[in-house]
2 protein chains.
Amino acid sequence: MGRRRQAVTIKHVAADAGVSLQTVSRVINNEPNVRPAMKERVQSSIDKLGYVPSIAAQRMSGSRSYLILAINDRDLTIADWRAREGRDWVDQMLLGGMLTCAEHGYRMLIELVDTHNDHVERELGAAIAALQPDGVILTPPHSGNPLITGLLAERGIPFARIGSTDPGPGIPMTMGDTHNARIATEHLLDLGHERIGFIAGPSEFSLSDWRIAGWKEAMFAAKLPTKGLCERGDFGFDSGLEAARKLLSLPERPTAIIASSDQMTFAAMQVAREMDLRIPEDLSVISFDNSPIVRFTQPPLTAVDQPIAATASRAVELLIDAKKGQLPTEPVRVKGELVVRGSTGPAPA
Amino acid sequence: MGRRRQAVTIKHVAADAGVSLQTVSRVINNEPNVRPAMKERVQSSIDKLGYVPSIAAQRMSGSRSYLILAINDRDLTIADWRAREGRDWVDQMLLGGMLTCAEHGYRMLIELVDTHNDHVERELGAAIAALQPDGVILTPPHSGNPLITGLLAERGIPFARIGSTDPGPGIPMTMGDTHNARIATEHLLDLGHERIGFIAGPSEFSLSDWRIAGWKEAMFAAKLPTKGLCERGDFGFDSGLEAARKLLSLPERPTAIIASSDQMTFAAMQVAREMDLRIPEDLSVISFDNSPIVRFTQPPLTAVDQPIAATASRAVELLIDAKKGQLPTEPVRVKGELVVRGSTGPAPA
DNA sequence: CTGAAAGCGCTAACAG
DNA sequence: CTGTTAGCGCTTTCAG
């Protein structure tokens, strides 16, 4: 089988159609200045021969690579994969990103990068040099890493920053955290709850505060107090236990709690059990993720669905458009929605 | 920002080190016939300039593309992603495949292909022409599709067939289904069970019968009967209900059931509940997957862990080695193991 | 509107 | 052991 070469190249098509390479190239890239008849003739040769351009060659001659890189945190991602606890962040990114890439003839490649490493720049730089992607999607915590955004900006590679609205290069995107927290709160309000506790994430994450803002907005609009009803955790189970204990020990106990992660929600449920509070009769809880496992708890959790797939899809579209020179500078918001299940109910009388 | 070009190329390195391009190329590819001193000099230029070869250019000049394609069934994969029921097959493939690729300077790219489509060949052919991968990993049901294996063989692209041991081109690989079924059965045997039912998958899947064989082997070795104790399902929940009802209505009711999928195991548990059988006191069950959700049932399921990550990792290694001309023709077996949780217990007295 | 020439970054083949 | 030469398949100039 020897050295593998392209089975059918642009030359074959050109010969078959009796035109120059250039004309074929123009047809492939859907460029103007080709007479319809000519275009059709070339296209039929392409179809007949089953020609598909080599992206390596396209990239070589200074054109696009048709590759979008989705960068995730190495340690977090591998930990999730190994833990097998059903977190499907990567799958959702693939679902949204890959399918949208495919629609445009692009491919999506996942790349794991270690943020906490001194070599971030080297690692990312190497990936970029090797792959020459046409666009990069950054997820937290990379989205806010100036080493990364700086490198990308410097090399002129369009990129999206999911979960970051800071000014600077790259397309800022959010999954509508403020909005999501608001609708979660409003759902509880509609059920008659008046004391609604909030377990937030750590302040290092911008989205933690965005969510608090959404909760406060809704409470404020309903003229309800929020003071003392917000505790912070670190997204993990133990921090959730502590926060929930504080909230549920308040003299005027909340009748509902919104927690900023599945783990913290599970923790709140455990504290409720310890205190003999039934869910949802005595306490309603809402989780701020919607990973697969929330359906398998007792009761299944009402949860904010983070629109990961939709966001990835949108990011890909924006990145592909970016070659035409237009990047939005206003943050792009893809809103999530509330999935109501059994963990929320009417406020106790 | 203009047309993006490689920041630092082999030319820069060659100039910096004062050698020819070829010598740099030899160093990059770790080829022989370079004096250590020379090699070191070149390497230090590479490090100094932060040079990373462009895989597009490498591929262009007839060398490797450093790309491995993992082909999954489009419909099944998208359905899993959308369902968000925690199936993490793709993640496990990435965990095993991507990390192993990374170790060797390769990347893994997921490609979804529709088996049931007339255009399989066109679809796959296009992906291959565009990407020129150095190797392809096929998963069921593609592994046994002669259109696909034929195309790959014809183009001389090394590939692994996971879940297929048929003769023919490509590296046949299994996840040790026979072995896995045997150890699951033996676990029950050790717990004193003598009537062990088996809910198999459809016969269209080779692995269904491999698993039956493992169960029978263990039963036979223990001189226990299997007649009438095996029912078939289609891996889905409803088929599991039917199979479980038959088994649990037997005059001599089995005290344990092994089912070939999570869904069929859930079905068996539901039938048990309907019949007021406690798990594991009255009935032990073992699932034949180990997807994340099996830990969240009541009780958590004892399950066979399919070594997806390990298999993908092995496949990548074999594929990378394949360029050296050596492909195993004997099926490569990567065995799974049993994860014991709460759904299995001593046989009832 | 179409074609010809030049070159992208790298490696294979062949010389020295 | 090292260097030179010729492309790989495609797109970008720049001429017609």
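In this text the structure is predicted, and so the values were computed from the model without any measurement.

What about the overall build of chain A?
Counting its secondary structure elements, chain A contains 13 helices and twelve strands. A principal-axis box enclosing the C-alpha atoms of chain A has dimensions of 85 × 45 × 40 Å. Put simply, chain A has 349 residues, and 56% of those count as buried. Put simply, 70% of the contacts in chain A that link residues at least 6 apart link residues at least 24 apart. If you sum the accessible surface of chain A, you get close to 15100 Å²; carbon and sulfur atoms cover 51% of it.

Some thoughts on the interface of chain A and chain B
With 55 residues of chain A at the contact, the number on the chain B side is 55 residues. When chain A packs against chain B, the two sides together hide about 4900 Å² of surface, and 59% of this comes from carbon and sulfur. Here chain A is connected to chain B by six salt bridges. Where chain A touches chain B, the interface holds 18 residue pairs in polar contact (both at pLDDT 80 or more). When residues in the side of chain A that touches chain B are grouped by element, the largest group, seven residues, is from helix α6 (residues 89-103) of chain A.

As for the UniProt feature "domain: HTH lacI-type" (unreviewed entry) in chain A
Mapped onto this numbering, the UniProt entry gives "domain: HTH lacI-type" (unreviewed entry) at residues 8-62 of chain A. Helix and strand shares over residues 8-62 of chain A are 65% and 0% respectively, and the end C-alpha atoms of the span are 21 Å apart.

Details of the protein's contact with DNA strand D
Every one of the 28 residues lining DNA strand D counts as a neighbour, but A:Ile10, A:Gln22, A:Tyr51, B:Thr23 and B:Arg35 are closest to it. Expressed as a percentage, the sugar and phosphate content of the atoms of DNA strand D within 4 Å of the protein is 66%. One of the backbone N or O atoms of A:Ser54 is found 3.3 Å from a phosphate oxygen in DNA strand D. Interatomic distance of 3.5 Å between a side-chain N/O atom of B:Gln22 and a base oxygen of DNA strand D. Those elements giving two or more residues to the surface near DNA strand D turn out to be α1 (10-17), α2 (21-28) and α4 (55-60) of chain A together with α2 (21-28) of chain B. Along the lines of polarity and charge, the residues of the surface near DNA strand D split into nine nonpolar, 14 polar and five charged.

Considering the sheet that holds strand β4 (residues 159-162) of chain B
Residue and element names in this part refer to chain B. The strand order β2-β1-β3-β4-β5-β11 describes an open sheet built from six strands, whose pairing is parallel. Unpaired on one side and paired on the other, β2 (107-113) and β11 (332-333) mark the two borders of the sheet. Of the strand pairs in this sheet, strand β1 (residues 67-73) and β2 are connected by seven bridges, and their pairing is parallel. Counted as the bridge partner of Asn-72 is Leu-112 from β2. Sheet strands in contact with helix α5 (residues 74-83) are β1 and β2, and its direction is about 80° off that of β1.

A look at unusual backbone geometry
Residues and elements named next belong to chain A. Between Gln-298 and the following residue, Pro-299, the backbone shows a cis peptide bond with an omega angle of -15°. You can see Pro-299 is positioned in the loop between β9 (284-287) and β10 (302-305). The backbone of Tyr-66 shows a phi angle near 55°, a positive value even though the residue is not glycine. If you trace the backbone, Tyr-66 turns up in the loop between α4 and β1 (67-73).

Some details on the environment of B:Ala213
Along the polypeptide, B:Ala213 turns up in helix α10 (residues 206-221). The spatial distance from the C-alpha of B:Ala213 to the C-alpha of B:Asp114 is 30 Å, given a sequence separation of 99 residues.

With respect to the protein's contact with DNA strand C
If you check the shell around DNA strand C, you find 28 residues, and the closest are A:Thr23, A:Arg35, B:Ile10, B:Gln22 and B:Tyr51. Close to the protein, within 4 Å, the atoms of DNA strand C belong to sugar or phosphate groups at a rate of 64%. Within the contact set of DNA strand C, a phosphate oxygen lies 3.3 Å away from a backbone nitrogen or oxygen of B:Ser54. Between a phosphate oxygen of DNA strand C and a side-chain N or O atom of B:Gln58, the distance comes to 3.1 Å. When residues of the surface near DNA strand C are traced back to their parent elements, those giving at least two are α2 of chain A together with α1 (10-17), α2 and α4 (55-60) of chain B. Partitioned by chemical class, the residues of the surface near DNA strand C number nine nonpolar, 14 polar and five charged.

Quick notes on the domain arrangement of chain A
A common way to report how large an interface is uses the accessible area buried once the components associate. For chain A, the domain assignment lists domain 1 (10-59), domain 2 (67-175 + 308-334) and domain 3 (177-305). When each unit is reduced to the centre of its C-alpha atoms, the spacing between domain 1 of chain A and domain 3 of chain A is 58 Å.

Regarding the relation of the copies chain A and chain B
Between the two copies, chain A and chain B, the superposition gives an RMSD of 0.1 Å; the rotation angle is 180° and the shift along the axis is 0.0 Å. This pairing of chains is accounted for by a two-fold axis. In this assembly the copies share their binding face: 96% of the residues contributing to the interface of chain A also contribute to that of chain B.

Remarks on the packing of α1(B) against helix α3 (residues 36-49) of chain B
All names here are of chain B. At their nearest, the axes of α1 and α3 sit 9 Å apart, and the two run at 125° to each other. Classified by the angle between their axes, α1 and α3 sit oblique to one another. In this structure, the crossing between α1 and α3 has a hand that is right-handed. Note on element contacts: α3 touches α1 through Arg-41, Val-42, Ser-45, Ile-46, Lys-48 and Leu-49, opposite His-12, Val-13, Asp-16 and Ala-17. Here the contact of α1 with α3 is built from residues that sort into five nonpolar, two polar and three charged.

Analysis parameters
Residues numbered from 1 in each chain as written. Chains lettered and ligands numbered in written order. Predicted model: local features only at pLDDT ≥ 70, side-chain atom pairs only at ≥ 80, totals over all residues. Heavy atoms only, no water. Helix = DSSP H or I, 4+ residues; strand = E, 2+ residues; numbered from the N terminus. Buried < 20%, exposed > 50% of the residue type's maximum accessible area, 1.4 Å probe, protein only. Contact = heavy atoms within 4.5 Å. Areas by Shrake-Rupley, 256 points an atom, 1.4 Å probe, with all protein chains shown as cover. Buried area = accessible area lost by both parts, 1.4 Å probe. Salt bridge = Lys/Arg side-chain N within 4 Å of Asp/Glu carboxyl O. Polar contact = N/O pair within 3.5 Å; in protein donor to acceptor, adjacent residues only side chain to side chain. UniProt positions renumbered as here; feature names shortened; annotations may be inferred. Near = heavy atom within 4 Å. Nonpolar A, V, L, I, M, F, W, Y, C, P; charged D, E, K, R; others polar. Pairing = 2+ DSSP bridges. Axes fitted to C-alpha atoms, helices over the stretch in contact; angles between N-to-C directions. Domains from an automatic or database assignment. Least-squares fit on C-alpha atoms with pLDDT ≥ 70 in both. Parallel < 35°, antiparallel > 145°, perpendicular 65-115°, else oblique. Left-handed = near helix turned anticlockwise from the far one by under 90°.

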